[in-house]
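Architecture at a glance
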Protein chains: 4
Amino acid sequence: MSNASLNVLKVEPIRGLSDKINKVRQDTAEIVSTYIIPEEKILYGAEGDGPRVKLQMEVTDLVKRSGLWAPHLPEDYGGMGLGFMGLAYMNEILAWSMASKRCFGLSAPNSGNQSVLVKYGTEEQKKKWLEPLVRGEMESCFAMTEPDVAGSNPRAIRTSAVRDGDEWVINGRKWFISNANRADFAITMCRTEVDGAEGGVNHMMTQIIVPTDTPGFNIERAMPIWGHTAGEATCEITFSDVRVPLENQLGQRGSGHAAAQDRLGAGRVYHCMDCVGQMWRAFDLMVKRMTEREVHGGLQETKQFLQGFIADSYMDIQAARLMTIHCAEVIDSGNNPRTDISAIKVFVPNAFHRVVDRAMQVYGGLGVCSDLPLEGMYKHARTLRLADGPDEVHRILIAKNVLKRYHSGQCWDFGV
Amino acid sequence: MSNASLNVLKVEPIRGLSDKINKVRQDTAEIVSTYIIPEEKILYGAEGDGPRVKLQMEVTDLVKRSGLWAPHLPEDYGGMGLGFMGLAYMNEILAWSMASKRCFGLSAPNSGNQSVLVKYGTEEQKKKWLEPLVRGEMESCFAMTEPDVAGSNPRAIRTSAVRDGDEWVINGRKWFISNANRADFAITMCRTEVDGAEGGVNHMMTQIIVPTDTPGFNIERAMPIWGHTAGEATCEITFSDVRVPLENQLGQRGSGHAAAQDRLGAGRVYHCMDCVGQMWRAFDLMVKRMTEREVHGGLQETKQFLQGFIADSYMDIQAARLMTIHCAEVIDSGNNPRTDISAIKVFVPNAFHRVVDRAMQVYGGLGVCSDLPLEGMYKHARTLRLADGPDEVHRILIAKNVLKRYHSGQCWDFGV
Amino acid sequence: MSNASLNVLKVEPIRGLSDKINKVRQDTAEIVSTYIIPEEKILYGAEGDGPRVKLQMEVTDLVKRSGLWAPHLPEDYGGMGLGFMGLAYMNEILAWSMASKRCFGLSAPNSGNQSVLVKYGTEEQKKKWLEPLVRGEMESCFAMTEPDVAGSNPRAIRTSAVRDGDEWVINGRKWFISNANRADFAITMCRTEVDGAEGGVNHMMTQIIVPTDTPGFNIERAMPIWGHTAGEATCEITFSDVRVPLENQLGQRGSGHAAAQDRLGAGRVYHCMDCVGQMWRAFDLMVKRMTEREVHGGLQETKQFLQGFIADSYMDIQAARLMTIHCAEVIDSGNNPRTDISAIKVFVPNAFHRVVDRAMQVYGGLGVCSDLPLEGMYKHARTLRLADGPDEVHRILIAKNVLKRYHSGQCWDFGV
Amino acid sequence: MSNASLNVLKVEPIRGLSDKINKVRQDTAEIVSTYIIPEEKILYGAEGDGPRVKLQMEVTDLVKRSGLWAPHLPEDYGGMGLGFMGLAYMNEILAWSMASKRCFGLSAPNSGNQSVLVKYGTEEQKKKWLEPLVRGEMESCFAMTEPDVAGSNPRAIRTSAVRDGDEWVINGRKWFISNANRADFAITMCRTEVDGAEGGVNHMMTQIIVPTDTPGFNIERAMPIWGHTAGEATCEITFSDVRVPLENQLGQRGSGHAAAQDRLGAGRVYHCMDCVGQMWRAFDLMVKRMTEREVHGGLQETKQFLQGFIADSYMDIQAARLMTIHCAEVIDSGNNPRTDISAIKVFVPNAFHRVVDRAMQVYGGLGVCSDLPLEGMYKHARTLRLADGPDEVHRILIAKNVLKRYHSGQCWDFGV
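Each chain carries its own residue numbering, running from 1 in the written order of its sequence. Starting at A for chains and at 1 for ligands, labels are handed out in the order in which the entities are written. Restriction of local features to residues with pLDDT of at least 70 applies here, the model being predicted, together with a cutoff of 80 or more for giving and counting side-chain atom pairs; totals for whole chains, interfaces and linings are based on all residues.

What follows concerns the overall build of chain A. Regarding its fold elements, chain A presents 12 helices and 10 strands. Our radius of gyration is a C-alpha quantity, and the globule rule it is checked against amounts to 2.2 Å times the number of residues to the power 0.38. By the compact-globule yardstick of 22 Å for 416 residues, chain A fits well, its C-alpha radius of gyration being 22 Å. With respect to the principal axes defined by its C-alpha atoms, chain A has extents near 75 × 60 × 40 Å. Burial statistics for chain A: of 416 residues in total, 56% are counted as buried. Contact between residues is assigned whenever the C-beta positions, reconstructed from backbone atoms, fall within 7 Å. In chain A, 70% of the contacts between residues at least 6 apart in sequence involve partners at least 24 apart. We count a stretch as a helix when DSSP gives it H or I for four or more residues in a row; a strand needs E for two or more, and each element gets its number in order from the N terminus. Buried means a residue has 20 or more other C-beta atoms within 10 Å of its own C-beta, exposed means 12 or fewer, and partly exposed covers the counts in between; C-beta atoms are placed from the backbone.

This is the structure we're talking about:
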């Protein structure tokens, strides 16, 4: 990966922020800058690779000793209990390198599964699945998306779970399930209620915990996402008469849709936080390069086109960052954050895309070569624009929220 | 202008803001919504028109009684002493209607001239020029731009002031001088020092107060800006042996460039605050229309393209607003705000342009007709992209500030 | 207007084009370059102004002697009979200055009315209205748009014409009617058939010729388009029991919608041809300026940002131009041109807007001042995006045409 | 790959085109549609894979029998001798599938090497290297780019060739050399002249044919472009005292830069032709999907946002296509095509990028999965924006060409 000398991330205390969060930021910057960025080549190495395992364990230990483990989880469950705003400030540092995520106990989809288990799990489920997951002793996946159903319409899911005595019997096909090849269990979205059931269309799904060694749980293939099938693969899975005990049901029957919305809402905000950190990193790589690279008649930094890249990226990052922090504040305040979540879900990955695009352009051929993290960021940014609801769906949601306010006789209040 | 029923501006208290500012916002909203927006047709009437004069005086009285007069000035000089951040929060309400500016004692270029007089004026100058200007008994203009000099390069100004005994003798040509036809005095940027003078290129200009009835001060023409020459015109002016007493000099000899930078820096931020309010208003006009206008097979609000306009405008406004407030916070904190000023100087008018553009499109032909304030906003937004330094210059400034940090061995810290 | 020296328009013969068209181009360039552009200030002067009238007559005489009058009309009616493709090549020269339009007998809305009269008029109507209109002895307007009807939905028009003996009696309100204040007659779109009439929704309208001195034809106001009400104004009109003889009916009863579609279809293509010429002119003004204007440390032409303006404008013009010519070829070939008309209706005014926007930026303040034609172009470009069907409507039409092909089992063939 | 039923490519004869070219188009469409698109999965299979080899041979035979082999080469060298314009019309069909390239004898970098050998090769070189290359019995690569030299500045190349008796001795490092792992020989760009040599900076390079089994020619690694290292890899290479006989020198000493410019100029146009075909394919995949895929409350084709995707892609394709054909016409006419080559080099890959981006969005997750060709197109489009001179360099070149014309006293003539 990139040369260590390129990235000296040092952050100053932010005015108006608590001492606690400022310290978290600085401690995080120290670890990311010293232990992670210079070793990205190792940390992105093949899974099971000796040096990678060893380094990951060392950094994880340091993170835990520094009290920075699992920032998204309540303290009772081994996390930092930071809240969304605190996490926004911490994560923009942490996400300078996506290799940090695993070292800080914050890697999707495990992190989302943890939050769902915290909120919906029984004591027994927490003991059996949550605790080892938080400790990093288990892996998990979230099995929702299906081939014949628009991803933005989770109510149309077809995988069925039918009760048979003390068991749920699951049949169906899922795809785009990331981490499935490494997972010990899959939280699986199943249709458990018949059409016309009480509670209507939002109460027909139930999430069920399925250990991946259950007979009938089959990984059909690693899907070639952007041509890749290695590592934490994205898989296509079938469930053929998969039987799990009733106690593997997560929350009430019919609560699956609500639980998924909780998870996806938070997940969108986390993704945006990641984007902000990654943008900042891409910006750093770009500017550093411009101060060093000679082109026709001078350093890149003397060329207006490339100065324009700095300026436009500065604005993109500042806008994305302030909107993400603002959204996190709205969530923490208890107000309805849905319009702002949709707004950042659209704005931030697009801004991320633009920033990385410019950085790639500055590096030329090297920009599309995995010697640098830029090409990975680029694919990631593109993917985010269609994952968890494409841009188009979230733009409609923003409009509908605004229109609802107008139909109630009020204009929109941007101050709140 | 637009129908009163279209605009009921009501704002809720903002979390985390002081009670004082929240009250200012709500009082301002009350006045703008009740007295200004429904009467815009009158307030934009021909100058000297009876109903306009009468209404303006009434609203001004109310504003003064409500303690909302001249929010940008220190209390010692008859203002509110709000600071930049407070002003950002107040002005986004106030600027729903540009007709408010005069009613709140906040109309350019008078407001900028007031601030310069506060900082650089002698006691005598303040008594003679500042006080009547603040009370609204005088008008003024700021004479800087010249035909043969790039507007973004104020150090190249050619209008000369030569000392002759107790007088400055001024010769030169200025253009794009707004409000000159109504002004009682012009703060005039003059070259007073010869090349190679002490202090260098940034110390060759001096600002001099020129009463507009001084012999040799000639308004050559009202310039047809966007085809218009009426009202508060933008003028071309010549100075032919204009003689003013030495005591009309503003600040030290050679301080003119610094004073202009002060003024322009603040002015850029004020313009952005105006843009935020205007965007919000355009958004309101657009959304309201969509809930009422029937097109092919349904109300406009049911069409995805137009829902997209709401969503994209929501993001533009939120980004512009948060960046403007953030910049105001940086100024108030005493940190160097120049990068952020340049960033909003570029971002905000462009966002304003996009928001108004969409609102126009929703109104069809009416969008380009002065029955609504939209076409005026559109021209204003366009003009802002080249006034006070075009986008291109500010993008370069952002880049240079970032690069300077890198050359000092640090990366950019977006948190500060 | 702009300095003559700025614009020396000289064109070379185009490979593969007929000698006739190449000669038309070169003769047109000669006239535009020699007689029109250097005198734009006069030609854009107040109507009835002596020098303007005199010059216009002189140039018109020259145009007629050169065989270049009324290029859009068949030779039988005093025109050149060029066809769309020939006109595309001629008009991109002619439209360097919009002041040419009147001198070449090609000014809207007269030109559109002429074409409608050619196709739908009786011999008597042609004698009475068309011939004097072509000779430039009459003026006309086209009264279609109404306040309460979406402009893009002409079938919803409410102005009624009811037969009473030998007369049509017209009642209704029209607005955005350009040239109405100068017109001798108005071709008026009226609802003549009741709902459910034979032929359905596309056969309920009839166009009727209304002399503007008919009692009950009232110009309510000149609408302040972009703040302007002077010259060839855009008017709001009422019809109050306006009675005209039956022989003023244009074409069959119920043919009004079809006639309007003919006119608007052609009109959209003409507007695009104008845009191409105007873009080329704006490009010329911009590049010329860059070779002369000094900014920080050098001529504008040495700055990458501004070089980028040249490059991007080059691509915009080339794309707009080739698409417009291609569309004209499709029309002349007799193939269905509707998809391509909608495509240029969207693409070309937007490209025009971008090109003018850049030219304005290069000129700074002068860009928004009517000393140059740029600000007028800018408003014109913006208006075109919502006139004759807004962008959104034409984008839907393109899609529907493509989808129709797919539903017939074929893929789209871009070659045809 | 994609389902065969998705792609029935049938083209009609194009008006005004020769019968020959129309037949070429239709024959090409027949082969691509029948033999290539339905079998893409096989044709993109692992190299050396049995079914792939077999199918490729069969299709190649058919192509040769149909007289469609090597369309870019003169007939004397086994090609079709189509000229640029003919190739533009043929290739937009052919490039519906990039798997066609090899089947039609048109795969880079072999095709470029062939053209260079045709123009610069001796009879002996043609016999030894060109003929087997055209017959498909050899593979080749072009070794130009170096790590420490801006790709857009080929005159700065450092790899040296020093004459030693009857041999050239080559030392240096190259990277981003595609197909190097499969190549039998590498045409290598070497610095052979010392600074200050006759002819100046454009005459210091010589191209030399280096058989890849020459001692000292080392493939250091397959570079992980977009994370991939398999197939026709992009390699980093070192030359350590590589000795080849003098007769491997291609053309005159010092002609290397000119030969590279020839090749790169043509190559840019070929890339654009490929983009046009690929865009058309992406468009087809997108529209077809929209007619079949159900989303919230209806087929995708009924949603305005997605209709907008069709319309915007239609305009992008039409503009890109017409500009590419226009550029080919200019080349064939013998006029200087450099401005137009730069224009399409910038415009077309960007348009390609936008079209593919929309198609991906319509497919959701499947859009980034290699089950469809879209993700490959997306990476390809992005790469093209920085390969063979980044957008920024070509935008400057366009501007310089335009400015040169103005400095010679002429305005730009878009007609020529």
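With that out of the way, let us pick up the packing of helix α4 (residues 83-94) of chain D against helix α9 (residues 304-333) of chain D. All names here are of chain D. The axes used here are C-alpha line fits, helices contributing only the stretch in contact, and every angle between their N-to-C directions lies in the interval 0 to 180 degrees. Look at α4 against α9: their axes get within 7 Å of each other, and the N-to-C directions meet at 155°. Between α4 and α9, the interaxial angle falls into the category roughly antiparallel. Contacts between α4 and α9 involve Gly83, Phe84, Met85, Ala88 and Glu92 from the former and Arg321, Thr324, Ile325, Ala328, Glu329, Ile331 and Asp332 from the latter. Residue polarity follows a fixed list, in which Ala, Val, Leu, Ile, Met, Phe, Trp, Tyr, Cys and Pro are nonpolar, Asp, Glu, Lys and Arg are charged, and the others, Gly among them, are polar. Here the contact of α4 with α9 is composed, by residue class, of 6 nonpolar, 2 polar and 4 charged. Should an angle fall under 35 degrees it is taken as roughly parallel, and over 145 as roughly antiparallel, whereas 65 to 115 is taken as roughly perpendicular and any remaining angle as oblique.

Turning next to the relation of the copies chain D and chain B. Mapping chain D onto chain B leaves a residual RMSD of 0.1 Å; the transformation is a rotation of 180° accompanied by 0.1 Å of translation along its axis. A rotation of that kind, with that shift, is consistent with a two-fold axis. If distances are taken from each C-alpha of chain D to the rotation axis, the shortest is found for D:Gln304, at 2.8 Å. Here 100% of the interface residues in chain D have copies in chain B that are interface residues too; the copies meet face to matching face. The copies were overlaid by least squares, fitting only the C-alpha atoms of residues that reach a pLDDT of 70 or more in each copy.

A word on the interface of chain B and chain A. Taken together, the contact between chain B and chain A spans 47 residues of the former and 47 residues of the latter. At 15 residues, the largest contribution of residues to the side of chain B that touches chain A is made by helix α9 (residues 304-333) of chain B. Of the residues contributing to the side of chain B that touches chain A, the split by class is 28 nonpolar, 10 polar and 9 charged.

All right, on to the relation of the copies chain B and chain A then. Two chain copies here: they are related by a rotation about an axis and a translation along the same axis. Of the two same-sequence chains, chain B is brought onto chain A (RMSD 0.1 Å, axial shift 0.0 Å) by a rotation of 180°. A high fraction, 100%, of the interface residues of chain B reappear at the interface in chain A, so the copies pair face to face through one surface.

Quick look at the interface of chain D and chain B now. The interface of chain D with chain B comprises 4 residues on the first partner and 4 residues on the second. Of the residues that constitute the side of chain D that touches chain B, the class distribution is 1 nonpolar, 2 polar and 1 charged.

Attention now goes to the pairing of strand β5 (residues 205-211) of chain C. On a regular strand, one side chain projects to one face of the sheet and the next to the other, so that they alternate. Residues and elements named next belong to chain C. In terms of burial, β5 is a largely internal element, 6 of the 7 residues being buried. Taken together, the 7 bridges between strand β4 (residues 185-191) and β5 define a ladder with antiparallel strand orientation. Bridging across to β5, Cys190 finds its partner in Thr206. In short, DSSP must find at least two bridges between two strands for them to pair. With 2 bridges joining them, β5 and strand β8 (residues 249-250) adopt antiparallel strand pairing. When the sheet's bridge partners are listed, Gln207 is paired in β8 with Leu250.

All names here are of chain A. At a minimum axis distance of 7 Å, the contact between helix α4 (residues 83-94) and helix α8 (residues 256-290) shows a crossing angle of 35°. In this structure, α4 meets α8 at a crossing whose hand is right-handed. For the pair α4 and α8, the contacting residues are Phe84, Leu87, Ala88, Asn91, Glu92, Ile93 and Leu94 in the first and Val269, Met273, Asp274, Val276, Gly277 and Trp280 in the second. Considering only residue class, the contact of α4 with α8 consists of 9 nonpolar, 2 polar and 2 charged. Each crossing is labelled by how the near helix is turned from the far one, with a counterclockwise turn of less than a right angle marking it left-handed and a clockwise turn marking it right-handed.

Residues and elements named next belong to chain A. Note that the domain bounds were set by an automatic or database domain assignment. Under the domain assignment, chain A is made up of domain 1 (4-107), domain 2 (140-250) and domain 3 (258-407). Between domain 1 and domain 3, the C-alpha centre-to-centre distance is 20 Å. Here the side of domain 1 that touches domain 3 takes 9 residues from α4, the largest share from any one element. Among the residues making up the side of domain 1 that touches domain 3, the classes are represented as 9 nonpolar, 3 polar and 2 charged.

The next subject is the environment of B:Ala143. Residue and element names in this part refer to chain B. Tracing the backbone through its elements, the reader meets Ala143 in strand β1 (residues 140-143). Distance in space between the C-alpha atoms of Ala143 and Asn153 is 15 Å, their sequence separation being 10 residues. Once residues within four sequence positions are removed from consideration, Ala143 is found in contact with Lys174, Ile177, Ala186, Ile187, Thr188, Met189 and Ile237.

Another aspect to go through is the confidence of the model for chain A. Residues and elements named next belong to chain A. Values of pLDDT, which run from 0 to 100, indicate the predictor's confidence residue by residue. For chain A, per-residue confidence averages 93 on the pLDDT scale, and residues scoring 70 or more make up 97% of the total. Looking at the elements of chain A, mean pLDDT is at its lowest for strand β9 (residues 294-295), recorded as 90, and at its highest for helix α10 (residues 338-363), recorded as 98. Overall, residues 1-6 carries pLDDT values under 50, and its contacts beyond four positions in sequence, including any with other chains, amount to 14 contacts.

On to unusual backbone geometry, then. The step from A:Ala108 to A:Pro109 runs through a cis peptide bond, and the omega angle for that step is -5°. Along the polypeptide, A:Pro109 turns up in the loop between α5 (100-103) and α6 (110-120). A positive phi angle is found at D:Phe176, which is not glycine, with a value near 60°. With respect to the helices and strands, the residue D:Phe176 is situated in strand β3 (residues 167-178).

Here we come to the environment of D:Ile209. Residue and element names in this part refer to chain D. Tracing the sequence through the fold places Ile209 in strand β5 (residues 205-211). On a C-alpha basis, the gap between Ile209 and Val32 in space is 34 Å, while along the polypeptide they are 177 residues apart. Excluding its chain neighbours within four sequence positions, the residues that come into contact with Ile209 are Gln125, Trp129, Phe185, Ile187, Asn248 and Leu250.

Now for α4(A). Residues and elements named next belong to chain A. The terminal C-alpha atoms of α4, which comprises 12 residues, lie 16 Å apart, in line with the 16 Å expected from a rise of 1.5 Å per residue. Taken residue by residue, α4 has Phe84, Met85, Gly86, Leu87, Ala88, Tyr89, Met90, Asn91, Glu92, Ile93 and Leu94 as its buried positions. Of the surrounding secondary structure, the elements contacted by the buried residues of α4 are α1 (19-36), α5, α8 and α9 (304-333). Expected helix span is taken as 1.5 Å per residue step, with the number of steps being one fewer than the number of residues.

Another point: helix α12 (residues 391-407) of chain B. Here α12(B) is 17 residues long and its end C-alpha atoms lie 24 Å apart, about the 24 Å a rise of 1.5 Å per residue gives. The elements touched by buried residues of α12(B) are α8 and α9 of chain A, α10 (338-363) of chain B together with α9 (304-333) of chain C. Note on α12(B): the residue one or two positions beyond its end, B:Gly409, has a positive phi of about 90°.

What follows covers the pairing of β4(C). All names here are of chain C. With 7 of 7 residues buried, β4 is to be regarded as a mostly interior element. Burial of the side chains of β4 extends over both faces: Phe185, Ile187, Met189 and Arg191 are buried on one face and Ala186, Thr188 and Cys190 on the other. With 4 bridges connecting them, strand β1 (residues 140-143) and β4 associate as parallel partners. Counted as the bridge partner of Cys141 is Ala186 from β4.

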